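Each chain, letter by letter, is given below.
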Amino acid sequence: MKDMTDRLLEGSKRNVEPVENGRLLMEQLAGEWEEILEDSFSCEISMENCTDFRAEWDMQEILRIFDNLSSNVEKYADSGHPVLLQMDRGVDTLRILQKNAVRQTAQKIESNQIGLESIRRITAGYGGAVTVSLDEKQFQIEITLPVAKNPQRGLCSLEENSMFRDFSRWNMSVYSSVLTSRNPDFDLRCAGTAFRIL
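Residues numbered from 1 in each chain as written. Predicted model: local features only at pLDDT ≥ 70, side-chain atom pairs only at ≥ 80, totals over all residues. Heavy atoms only, no water.

A.B. asks: Any chance you could explain the overall build of the protein chain here in plain terms?
C.D. replies: When helices and strands are counted, the protein chain shows 7 helices and 9 strands. Evaluated residue by residue, the protein chain yields a buried proportion of 40% over its 198 residues. Sequence separation of at least 24 residues holds for 72% of the intrachain contacts in the protein chain that already meet a minimum separation of 6. When the accessible surface of the protein chain is totalled, it reaches about 11,200 Å², and 49% of it is carbon and sulfur. (Helix = DSSP H or I, 4+ residues; strand = E, 2+ residues; numbered from the N terminus. Buried < 20%, exposed > 50% of the residue type's maximum accessible area, 1.4 Å probe, protein only. Contact = heavy atoms within 4.5 Å. Areas by Shrake-Rupley, 256 points an atom, 1.4 Å probe, with all protein chains shown as cover.)

A.B. asks: Could you clarify how one ought to interpret the packing of aromatic side chains in this entry?
C.D. replies: Each aromatic ring pair is specified by the distance between its two centres and by the angle formed by the two planes. Applying the stated criterion across every chain yields a total of 1 aromatic pair. In this arrangement the basic side chain of Arg14 is found over the ring face of Tyr126, its NZ or CZ atom lying 4.2 Å from the centre. (Phe/Tyr/Trp six-rings, centres within 6.5 Å; stacked < 30°, edge-to-face > 60°. Lys NZ or Arg CZ within 6 Å of the ring centre and 35° of its normal.)

A.B. asks: How should I be thinking about helix 3 (residues 59–76) in this particular structure?
C.D. replies: Residues separated by three or four positions in an α-helix point in the same direction, a consequence of the helix having 3.6 residues per turn. Along its 18 residues, helix 3 runs 26 Å from first to last C-alpha, staying within 8% of the 26 Å computed at 1.5 Å per residue. Within helix 3, 13 of the 18 residues are buried, leaving the element largely enclosed by the surrounding structure. Two or three places before Gln60, at the start of helix 3, stands the capping residue Asp58, its side-chain oxygen 2.9 Å from that residue's backbone nitrogen. (Expected span 1.5 Å × (residues − 1). Polar contact = N/O pair within 3.5 Å; in protein donor to acceptor, adjacent residues only side chain to side chain.)

A.B. asks: When you look at the side chain of Arg89 in this model, what are you seeing that I'm missing?
C.D. replies: Examined against the element boundaries, Arg89 turns out to sit in strand 4 (residues 83–89). For the buried Arg89, which has no salt bridge, the nearest side chain bearing the opposite charge is Asp52, at an N-O separation of 6.7 Å. Engagement of the side chain of Arg89 in a polar contact is seen with the backbone oxygen of Asp52, the distance being 2.5 Å. From its side chain, Arg89 meets the backbone oxygen of Ala148 in a polar contact 3.3 Å long. (Lys, Arg positive; Asp, Glu negative; His and termini not counted. Salt bridge = Lys/Arg side-chain N within 4 Å of Asp/Glu carboxyl O.)

A.B. asks: I keep staring at helix 2 (residues 22–37) and nothing clicks. Help me out?
C.D. replies: Along its 16 residues, helix 2 runs 23 Å from first to last C-alpha, staying within 8% of the 22 Å computed at 1.5 Å per residue. Listed as buried for helix 2 are Gly22, Leu25, Met26, Leu29, Ala30, Trp33 and Leu37. For helix 2, the arc enclosing every buried residue in end-on projection is 130°, short of the 170-degree limit, so these residues lie on one face. Close packing links the buried residues of helix 2 with strand 1 (17–19), strand 2 (43–46), strand 3 (55–57), helix 3, strand 4 and strand 5 (93–101). (Arc of directions from axis to C-beta.)

A.B. asks: Teacher, can you tell me more about the pattern of salt bridges here?
C.D. replies: Opposite charge on two side chains allows them to pair when their charged atoms are near. What the rule picks out here adds up to 6 salt bridges. For Glu20, the salt bridge goes to Arg54, with nearest N and O atoms at 3.1 Å. Here Glu20, found in the loop between strand 1 and helix 2, pairs with Arg54, found in the loop between strand 2 and strand 3; they are 34 residues apart in sequence, far enough to count as distant. Since its relative accessible area comes to 14%, Glu20 is described here as buried. Judged by relative accessible area, which is 14%, Arg54 ranks as buried. Connected via shared salt-bridge partners are Asp88, Arg95 and Glu142.

Here it is in structure tokens:
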């Protein structure tokens with residue numbers, strides 16, 4: 001049923017939206033991934049090299065990628081060995097790596113090709129790539145997704161706006177909240193004047 005749902009959802013229209021705090025999103029998804037698996041598996045999450053980033057994704061598709069990753073672990077991983085989820089930020093890419101030992105009593109991995117193919121189709125839709133390696137002892141999947149090169153674009157353009165500096169009389173708490181906002185649709189209104197974070 002889950003595999004059929006994946007296919008139906010992938011045939012629907014993509015709803016792409018901006019992701020302004022990519023690292024925070026990855027932390028949340030990694031936490032949910034661990035919550036699904038932690039009762040049966042020892043989970044290791046590595047995000048030391050995952051700096052903040054911006055991207056434009058359909059969130060349902062990204063959620064399906066992580067759902068398929070955890071599902072693959074539940075079906076085929078050896079619970080006697082840790083499962084690794086690692087995320088690394090490159091100049092203009094995000095790499096998601098999952099690695100686990102293969103349960104010797106599990107059925108052949110070919111039976112799970114629908115889940116892997118789902119990940120491949122979603123990733124390809126963003127111009128990314130998926131590499132899968134499998135032997136008798138270990139399974140590894142590496143997903144590479146394009147991301148924006150400059151995650152601070154909106155914040156810098158606001159700080160550099162000379163007109164914004166004229167509003168120093170504002171309450172500092174409001175000022176701080178604006179500077180830390182990553183929402184490109186956030187409007188700042190004062191005396192009938194609106195400033196849009198670019």
